[in-house]
Amino acid sequence: MKAREPWWWYQPNSVGRVARLLTPIGWCYGALTTRRMRSKPRYKSALPVVAVGNFTAGGTGKTPFVMVVAECLRTLGHRPVVLSRGYGGSLAGPHWVDPAVDEARHVGDEPLLLASRVPVMLARDRAAGARAIEAAVAPQPNGTVIIMDDGLQNPSLAKDLTFAVVDAARL
């Protein structure tokens with residue numbers, strides 16, 4: 001079943017009285033977000049980090065794109081690992097997602113789907129997740145790449161490459 005956004009989400013004249021009243025709160029939120037995004041990353045991984053994110057609340061095809069990036073890296077000889085926040089799940093991690101054992105209510109549906117194709121580390125604290133991945137691959141030869149799912153707005157982990165996925169129909 002395809003989920004759709006509310007009918008008014010992208011309407012040009014959907015700004016009403018309530019939205020105008022909330023505008024100052026939006027300005028404050030924007031200022032705090034700008035300040036957070038301009039802060040230096042807390043952690044620089046020893047492994048390359050590729051971030052995949054979007055500018056809207058879902059529906060842009062980010063998860064399939066993460067799968068494509070993982071497959072492309074695999075064909076180049078790398079061993080990609082997805083680092084996911086686990087949106088919708090109750091676990092904070094770090095936790096390796098196992099599709100044979102874990103449930104979506106604990107790890108989120110997207111990490112569970114991704115884990116059927118590529119190793120997934122779930123961690124709300126992205127730096128802790130990167131450290132856990134590094135510890136797991138340390139005895140193996142180089143070539144592992146961390147793909148940070150939904151990492152566009154997360155400044156806690158330094159990124160080497162960032163992809164912003166957009167809805168082609170709406171641009």
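Every value quoted in this text rests on a predicted model; they were computed, and no experiment measured them.

Trainee: Got a minute to help me understand the overall build of the protein chain in this structure?
Mentor: For the protein chain, the helix and strand inventory stands at five helices and six strands. Beginning at the N terminus, the succession of helices and strands in the protein chain can be written as α-β-α-β-β-α-α-β-α-β-β. The 171 residues of the protein chain split such that 35% are buried. Surface exposure of the protein chain reaches about 10800 Å², of which carbon and sulfur atoms provide 61%.

Trainee: Please explain the side chain of D102 as it appears in this structure.
Mentor: Mapped onto the elements of the fold, D102 is located in the loop between β3 (95–96) and α3 (104–107). Here D102 sits buried without a salt bridge, and the closest side chain of opposite charge, R105, lies 9.9 Å off (N-O distance). Polar contacts involving the side chain of D102 include one to the side chain of H95, which spans 3.0 Å. One polar contact links the side chain of D102 to the main-chain amide nitrogen of D98, over a distance of 2.7 Å. Residues in contact with D102, not counting those within four places in the same chain, are H95, W96, V97, V107 and L112.

Trainee: Explain helix α5 (residues 126–137) here, please?
Mentor: Every α-helix winds through 3.6 residues per turn, so residues three or four apart in the chain are directed the same way. Taking 1.5 Å per residue, twelve residues should reach 16 Å; α5 reaches 17 Å between its end C-alpha atoms and fits that length. Turning to α5, its buried residues are R126, A127, G129, A130, I133, E134 and V137. One side of α5 holds all its buried residues, which, seen down the axis, span an arc of 160°. Summarising the contacts, the buried residues of α5 are in contact with β2 (79–84), β3, β4 (120–122) and β5 (144–149). In this structure D125 caps α5, since a side-chain oxygen of it lies 3.1 Å from the backbone nitrogen of A127.

Trainee: Is there a simple way to think about helix α2 (residues 62–75) in this case?
Mentor: Taking 1.5 Å of rise per residue, 14 residues should cover 20 Å, and α2 covers 20 Å from first to last C-alpha, within 8% of that figure. Check the buried side of α2 and you find it contacts β1 (49–54), β2, α4 (109–115), β5 and β6 (161–165). At the exit of α2 stands G77, carrying a positive phi of roughly 95°.

About the thresholds
- Residues numbered from 1 in each chain as written.
- Predicted model: local features only at pLDDT ≥ 70, side-chain atom pairs only at ≥ 80, totals over all residues.
- Heavy atoms only, no water.
- Helix = DSSP H or I, 4+ residues; strand = E, 2+ residues; numbered from the N terminus.
- Buried < 20%, exposed > 50% of the residue type's maximum accessible area, 1.4 Å probe, protein only.
- Areas by Shrake-Rupley, 256 points an atom, 1.4 Å probe, with all protein chains shown as cover.
- Lys, Arg positive; Asp, Glu negative; His and termini not counted.
- Salt bridge = Lys/Arg side-chain N within 4 Å of Asp/Glu carboxyl O.
- Polar contact = N/O pair within 3.5 Å; in protein donor to acceptor, adjacent residues only side chain to side chain.
- Contact = heavy atoms within 4.5 Å.
- Expected span 1.5 Å × (residues − 1).
- Arc of directions from axis to C-beta.

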